[in-house]
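# Fold and contact review
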Amino acid sequence: MHCLVAIDGSKHGNDALLWTVRHLWKEGMQLDVVTGVGDSIVEFAKAKGAGMVVIGSRGLGSIQRSLMSFVGLGSVSDYVIHQLHVPVLVVHGDGAAAAADAEAPQRKVCLAMDDSVHSQHAVGWLQAHVLRSRDEVHVVVVALPVPYPILDKTSAAVAALEASNGILDETSAAVAALEAQQWRASTERSLDYARSLAAKTAVAISGAAAAAGLQGVTVTSSALLPEGGASDVGASVCKYAQDHKINLIDVVCLGSRGMGSFKRSLMGFVGLGSVSDYCVHNLGCAVAVIKAEAELLPAAAASGAAQPAAAVAAEVAAAAAAAEAPAAAAAAAAKED
């Protein structure tokens, strides 16, 4: 792999280079070092055909980052992540110092994923370029958010309640309890799917580590409760990293869909901004944002076809409808009587 490390003479840039040598270097890797602003780094990476870019981050706060962007001096790491279609690893200053310790303890590697082809690509990239002996790997899946059901008199379940209890107001306690019951059931199904996906991925990573002859690799899987917007999903990942002390020499890997600037701004406006952006800005460890050109992804991603997550959402909705079927039958029987 051809790895490009961007430095600017600062401690952050030097830490990124040191982190790369200590924790990414493998025999046969081609390593280049470049200095410059965001657009020159991007152009150099494209010209050299770099397969990965590593860059240090000063860790600007949200206010300072917004002010710098306002005057045209936004984050270089943000620019590089958004403009390149290759993996970009951002090393934060508060975590890079631990790279100097050659006798560092077991490294923690967190893979935050969903069931998209972009996450599938991230799994393969982690196995090929990040995984080492003695790594402690955490596979984390945030379950799909489930909308809260709003039932009215056209709902079979409400009709069944009305048939047995008389005329019901749509705001009655009985209807509210039914809505809560359906929401809890749908959320549990979504969480079960996330657990299954995380567990299957953990088994695959364990198998890949064994096949590569890596020793002492441990892999655990976790499913996190679904949240609302993408920023909430990112917050769930960051909280998991904090709770499990994923910092210092550790790294969080996540796939990215590589939204364009217009779509990214529009999604951010409605509260569905980039999960990878949120993690890069809020985690204190190294963060690998893994992207790829469309031709390197499965055909479904390149063609814009429905992603697996959409199918799962449809399954959850279908399961909720199936749960209403007995109630519908009861309502029909009550009317016949």
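Everything below is about the structure shown above.
These numbers were taken from a predicted model, which means no experiment stands behind them. (Residues numbered from 1 in each chain as written. Predicted model: local features only at pLDDT ≥ 70, side-chain atom pairs only at ≥ 80, totals over all residues. Heavy atoms only, no water.)

With that out of the way, let us pick up the overall build of the chain. Tallying secondary structure elements over the chain gives 13 helices and nine strands in all. Of all 337 residues assigned to the chain, the portion counted as buried reaches 43%. Put simply, 83% of the contacts in the chain that link residues at least 6 apart link residues at least 24 apart. Working note: accessible area of the chain is about 16,400 Å², and carbon and sulfur atoms make up 59% of it. (Helix = DSSP H or I, 4+ residues; strand = E, 2+ residues; numbered from the N terminus. Buried < 20%, exposed > 50% of the residue type's maximum accessible area, 1.4 Å probe, protein only. Contact = heavy atoms within 4.5 Å. Areas by Shrake-Rupley, 256 points an atom, 1.4 Å probe, with all protein chains shown as cover.)

Take helix α6 (residues 117–129) next. Here α6 is 13 residues long and its end C-alpha atoms lie 18 Å apart, about the 18 Å a rise of 1.5 Å per residue gives. When α6 is considered as a whole, its buried residues turn out to be Val 117, His 118, Ser 119, Ala 122, Val 123, Trp 125 and Leu 126. (Expected span 1.5 Å × (residues − 1).)

Okay, the pairing of strand β5 (residues 108–113) next. In terms of residue burial, β5 counts as a mostly covered element, since six of its six residues are buried. Of the two faces of β5, the one holding Lys 108, Cys 110 and Ala 112 and the one holding Val 109, Leu 111 and Met 113 are both buried throughout. As paired elements, β5 and strand β6 (residues 136–142) share six bridges and run parallel to each other. Its bridge partner lying in β6, Lys 108 is registered against Glu 136. Taken together, β5, α6 and β6 constitute a β-α-β crossover, and its handedness is right-handed. Sheet analysis places β5 next to strand β8 (residues 251–255), joined by four bridges and oriented parallel. Its bridge partner lying in β8, Leu 111 is registered against Cys 253. (Pairing = 2+ DSSP bridges. Right-handed = clockwise from strand over helix to strand, strands pointing away.)

On to the sheet that holds strand β1 (residues 2–7). Strand order in the open sheet formed by nine strands is β2-β1-β3-β4-β9-β8-β5-β6-β7, and the pairing between neighbours is mixed. Two strands bound the open sheet, and with one partner strand each, they are β2 (30–35) and β7 (218–224). Across the sheet, the mean angle from the axis of one strand to that of its neighbour is 20°, orientation sign disregarded. Alignment of β1 against strand β3 (residues 52–57), held across four bridges, turns out to be parallel. By the bridge assignment for β3, Leu 4 is matched with Val 53. The strands that α6 touches are β3, β5, β8 and β9 (286–290); relative to β5, the one it contacts most, it runs at about 160°. (Axes fitted to C-alpha atoms, helices over the stretch in contact; angles between N-to-C directions.)

Evaluated as defined, the whole model comprises zero disulfides. Lacking any disulfide linkage, Cys 110 is separated from the closest cysteine sulfur, that of Cys 285, by 8.0 Å. Free cysteine Cys 279: the closest other cysteine sulfur is in Cys 238, separated by 4.3 Å. In this structure Cys 279 comes out as buried when scored by relative accessible area, which is 0%. (Disulfide = S-S within 2.5 Å.)

Attention now goes to the side chain of Lys 291. Counting through the fold element by element, Lys 291 comes out in the loop between β9 and α12 (299–303). Although Lys 291 is buried, it makes no salt bridge; Asp 277 carries the closest opposite charge, 8.0 Å away. Here Ile 81 takes part through its backbone oxygen, which lies 2.3 Å from a polar atom of the side chain of Lys 291. A distance of 2.7 Å separates the side chain of Lys 291 from the backbone oxygen of Leu 84, its partner in a polar contact. (Lys, Arg positive; Asp, Glu negative; His and termini not counted. Salt bridge = Lys/Arg side-chain N within 4 Å of Asp/Glu carboxyl O. Polar contact = N/O pair within 3.5 Å; in protein donor to acceptor, adjacent residues only side chain to side chain.)

Let's shift gears to unusual backbone geometry. At Arg 134, a position not held by glycine, the phi torsion is positive, near 75°. In this structure, Arg 134 sits in the loop between α6 and β6. Phi is positive for Lys 245, which is not a glycine, with a value near 55°. Along the polypeptide, Lys 245 turns up in the loop between α9 (230–243) and β8. For Lys 245, a relative accessible area of 58% puts it in the exposed group.

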